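# Coordinate inspection notes
Chain by chain, the residues run as shown.
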Amino acid sequence: MLSLDIPNSATKPELSTPPHILVVEDEELIREMVVLALKEQGYEVVTAIDGRTALNLLQEAESPSHSSFDLIVLDLMLPQVNGLDLCRLLRYQGNTIPILILSAKVSETDRVLGLEVGADDYLTKPFSMRELVARCRALLRRQSFSTATKPSVLQFKDVTLFPEECRVMVNQKEISLSPKEFRLLELFMSYPRRVWSREQLIDRVWGLDFLGDTKTVDVHIRWLREKLEEDPSKPQYIVTVRGFGYRFG
Ligand code: CA
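In this report, we go over the structure that sits alongside the text. All of these numbers come straight from a predicted model, not from anything done at the bench. (Residues numbered from 1 in each chain as written. Predicted model: local features only at pLDDT ≥ 70, side-chain atom pairs only at ≥ 80, totals over all residues. Heavy atoms only, no water.)

Our focus in this paragraph is the coordination of the calcium ion. Coordination sphere of the calcium ion, protein contribution only: D26 (OD), D75 (OD) and M77 (O), at 2.1 to 2.3 Å. Every donor residue of the calcium ion comes from the same chain, spaced as D-x48-D-x1-M. Pair noted here: D26 is in the loop between β1 (20-24) and α2 (28-40) and D75 is in strand β3 (residues 71-75), with a separation of 49 residues, a long-range link. Taking relative accessible area as the criterion, D75 reaches 2% and is therefore assigned buried. (Donors = N, O, S within 2.8 Å, 3.2 Å for Na, K, Ca; no water. Helix = DSSP H or I, 4+ residues; strand = E, 2+ residues; numbered from the N terminus. Buried < 20%, exposed > 50% of the residue type's maximum accessible area, 1.4 Å probe, protein only.)

This next bit is on the packing of helix α7 (residues 179-190) against helix α8 (residues 198-206). Contact geometry for α7 and α8: axes closest at 10 Å, N-to-C directions at 115°. Between α7 and α8 the crossing geometry is right-handed. Of the residues in α8, those in contact with K180, R183, L184, L187 and F188 of α7 are L201, R204, V205 and W206. Residues that form the contact of α7 with α8 fall into these classes: six nonpolar, no polar and three charged. (Axes fitted to C-alpha atoms, helices over the stretch in contact; angles between N-to-C directions. Left-handed = near helix turned anticlockwise from the far one by under 90°. Contact = heavy atoms within 4.5 Å. Nonpolar A, V, L, I, M, F, W, Y, C, P; charged D, E, K, R; others polar.)

Turning to the packing of α8 against helix α9 (residues 215-228), a few remarks are in order. One can describe the packing of α8 onto α9 by two numbers: an axis separation of 9 Å at closest approach and a directional angle of 75°. Accordingly, the angle class assigned to the pair α8 and α9 is roughly perpendicular. Judged by residue contacts, R198, L201, I202 and W206 of α8 engage T216, V217, D218 and H220 from α9. Each residue belonging to the contact of α8 with α9 can be placed in one class, and the counts come to four nonpolar, two polar and two charged. (Parallel < 35°, antiparallel > 145°, perpendicular 65-115°, else oblique.)

This paragraph deals with the packing of aromatic side chains. Counted under the stated rule, the structure contains five aromatic pairs. Ring centres 5.1 Å apart and planes at 65° place the aromatic pair F156 and F248 in the edge-to-face group. You can see F156 sitting in strand β6 (residues 154-156) and its partner F248 sitting in strand β12 (residues 245-248), a full 92 residues away along the chain. Accessibility expressed as a relative area gives 22% for F156, which makes it partly exposed. (Phe/Tyr/Trp six-rings, centres within 6.5 Å; stacked < 30°, edge-to-face > 60°.)

Nonpolar side chains in soluble globular proteins generally cluster together in the buried interior. Counting residues in each nonpolar core, the largest one holds 28 residues, and the members touching the most others are V168, L185, F188, L228 and I238. For this core, the secondary structure elements donating two or more residues are β7 (159-162), β8 (167-170), α7, α8, α9 and β12. Looking at this core, the element that brings in the most residues is α7, giving six residues. Among all residues touching L185, those that are not within four sequence positions of it are V159, L161, V168, L177, L224, L228 and F248. (Core = buried A, V, L, I, M, F, W, Y, C linked by side-chain atoms within 4.5 Å.)

Right, let's talk about the pairing of β7 for a bit. The alternating pattern of β7 places V159 and L161 on one face and T160 and F162 on the opposite face, and all of these are buried. Here three bridges tie β6 to β7, and the two strands are oriented antiparallel to one another. Paired with L154 across the strands is L161, a residue of β7. Taking the residues that link successive antiparallel strands as the turn, the β6-β7 hairpin has two residues, and the phi of K157 there is positive, at about 45°. Where β7 lies against β8, four bridges are found, and the strand directions are antiparallel. Each bridged residue has a counterpart across the sheet, and for F162 the counterpart in β8 is R167. Remark: four residues form the turn of the hairpin made by β7 and β8, two consecutive strands paired antiparallel; C166 in that turn has positive phi of roughly 55°. (Pairing = 2+ DSSP bridges.)

What follows concerns α9. Residues separated by three or four positions in an α-helix point in the same direction, a consequence of the helix having 3.6 residues per turn. The end-to-end C-alpha separation of α9 is 20 Å, in line with the 20 Å expected for 14 residues at 1.5 Å each. The set of residues buried in α9 consists of V217, H220, I221, L224, R225 and L228. Angularly, the buried residues of α9 cover 140° about the axis, an arc narrow enough to put them on a single face. For α9, exposure combined with an orientation more than 90 degrees from the buried face picks out K215 and E226. (Expected span 1.5 Å × (residues − 1). Arc of directions from axis to C-beta.)

So, on to the sheet that holds β8. Strand order in this open sheet of four strands is β6-β7-β8-β9, and the pairing throughout is antiparallel. In this open sheet, the two strands that pair with only one neighbour each are β6 and β9 (173-175). Along the sheet, successive strands turn relative to each other by an average axial angle of 25°, direction set aside. Packing of α7 onto the sheet brings it into contact with β6, β7 and β8, and relative to β7 it is tilted by some 110°.

The following block contains the structure:
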C-alpha cells in the first residue's frame with residue numbers, strides 16, 4: 001500500500017515542513033502563475049484576493065495553535081486595504097514576517113516607499129517566475145536563519161554580542177552600552193547588511209510610545225560608533241546608507 005511508504009506527519013521533524021506562503025494578489029492570472037510557480041517548489045501556498053482577507057488570514061495564523069506564514073508575496077494595488085497599508089500595519093503590530101512586494105509601479109519613490117514601510121524586497125511587474133522563486137527562496141532562507149533558536153552569541157568581525165547577558169565585547173574588551181544602544185546593536189547584528197530606515201529603528205528599538213524625532217536615532221548611532229569603531233568618522237560597522245538609513249556591516 002502506498003500510504004505505508006509515506007512518513008507519518010506526526011513524527012516528521014519540524015524543519016521538514018514546507019514553507020507556508022501567503023500570496024495576496026487580486027489579478028487572477030498573476031495570482032495563478034505565482035501560486036503555480038511556488039507550489040512547484042514544494043511550498044504550501046494560501047491566497048487572498050484583497051487586503052482585508054489577507055489581514056484576517058494573518059490574524060488567524062498568529063494564534064499559538066496554528067503555524068504562521070513564513071513569507072508574504074504582496075501586490076501593492078489591492079481592493080479594500082492596499083499593499084502598502086497592509087505592510088505598514090503588520091510592521092506596526094511588530095510582525096516581522098518577510099514581505100516581497102509585487103508592483104506595477106516602477107518609479108523609485110514607490111520602491112523606496114515599499115522598503116520604508118518595512119517590506120523586505122520588491123519586484124516590479126512584469127517579472128519572471130524564475131526571478132520570483134529566487135527572491136522567495138532568498139527571503140525564506142534569511143527567515144529560517146533568523147528564527148532559528150536565538151543565538152547565544154552574535155559575532156561580526158571584532159564585535160561579539162551576548163544577547164542573554166547584555167554584554168558586548170570589541171576586540172576582546174568589554175564595552176559599556178546604554179540599554180537603547182544595546183538593543184540597537186542587537187537589532188543590527190541580528191540582520192547583517194539589512195538597511196533600516198530611522199523610522200523602522202524607532203519602531204523596533206524605542207517602540208510606539210516614542211516621543212521625539214528621528215535625530216534621536218542619529219545621536220544613538222553616533223554614540224555607538226564612538227564605542228565600536230576604530231575611526232568613528234569612517235565607520236566599518238554601522239554604515240550610513242544615503243537616502244535610506246543605516247545598515248550593519
Ligand atoms: Ca493589483
